[in-house]
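Descriptive structure summary
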Amino acid sequence: LKSLPQIDTGSPAVTFAISSFLTYTLFSSLFSIGKAPPPSKPYPLQRYDPIAARAYFDQRLPLVIKRGLQIASTSLGFALSILQDFANNEIDKNSDQRAVELSTLLTKLGPTFIKIGQSLSIRTDLLSPAYVRGLQTL
């Protein structure tokens, strides 16, 4: 067998990461003593249940972190474009292009974000006409 790469366990970042993981594992194990196992899906009764969803996602912290990072990394480019438009005072000039980009971004992020975009598309009191037009394509 090949040997695994050596990890510098003396590094403060590695020590912190390992101790955080172990602390989380220990405390979640202690707090789950005497409780029923978490459900196998977020809504086992096929209806909204915040308690079941919390139990489901509390046991899947890496999955939650992964999705959060995915949302953040996917949205970062759009946020930087808006920031650049603001810095160059080109918000109005690029609004049609940014509206199309926002619609594409929400589509990439999935059905929940599409629904949020659809809900925003009727809020002409909150968004500029360009963004309303862009979101109406969802």
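Now for a description of the structure that goes with this document. The structure presented is a predicted model; accordingly, all values stated were derived computationally and were not measured. (Residues numbered from 1 in each chain as written. Predicted model: local features only at pLDDT ≥ 70, side-chain atom pairs only at ≥ 80, totals over all residues. Heavy atoms only, no water.)

**With respect to unusual backbone geometry**
One non-glycine residue, Q46, adopts positive backbone phi at about 60°. Topologically, Q46 is positioned in the loop between α1 (12-31) and α2 (50-58). Despite not being glycine, N89 has its phi angle at roughly 55°, a positive value. Among the structural elements, N89 can be located in the loop between α3 (61-87) and α4 (95-109). What makes N89 exposed here is its relative accessible area of 70%. (Helix = DSSP H or I, 4+ residues; strand = E, 2+ residues; numbered from the N terminus. Buried < 20%, exposed > 50% of the residue type's maximum accessible area, 1.4 Å probe, protein only.)

**What about the pattern of salt bridges?**
By the definition in use, this model includes six salt bridges. In this structure, E101 and R98 form a salt bridge, with 3.0 Å as the shortest nitrogen-oxygen distance. You can see E101 and its partner R98 sitting in helix α4, three residues apart, about one turn around the helix. (Salt bridge = Lys/Arg side-chain N within 4 Å of Asp/Glu carboxyl O.)

**A few points about a nonpolar patch on the surface**
Where nonpolar side chains cluster on the molecular surface, the patch consists of Y24, F57, L61, L63, V64, I65 and L69 and spans about 590 Å² of accessible area. Ranked by residue count, the leading element in the nonpolar patch is α3, at five residues. Position of F57 relative to the elements: it lies in helix α2. Taking relative accessible area as the criterion, F57 reaches 35% and is therefore assigned partly exposed. (Patch = residues over 30% accessible without salt bridge, like charges linked within 9 Å, V, L, I, M, F, W, Y side chains within 5 Å. Areas by Shrake-Rupley, 256 points an atom, 1.4 Å probe, with all protein chains shown as cover.)

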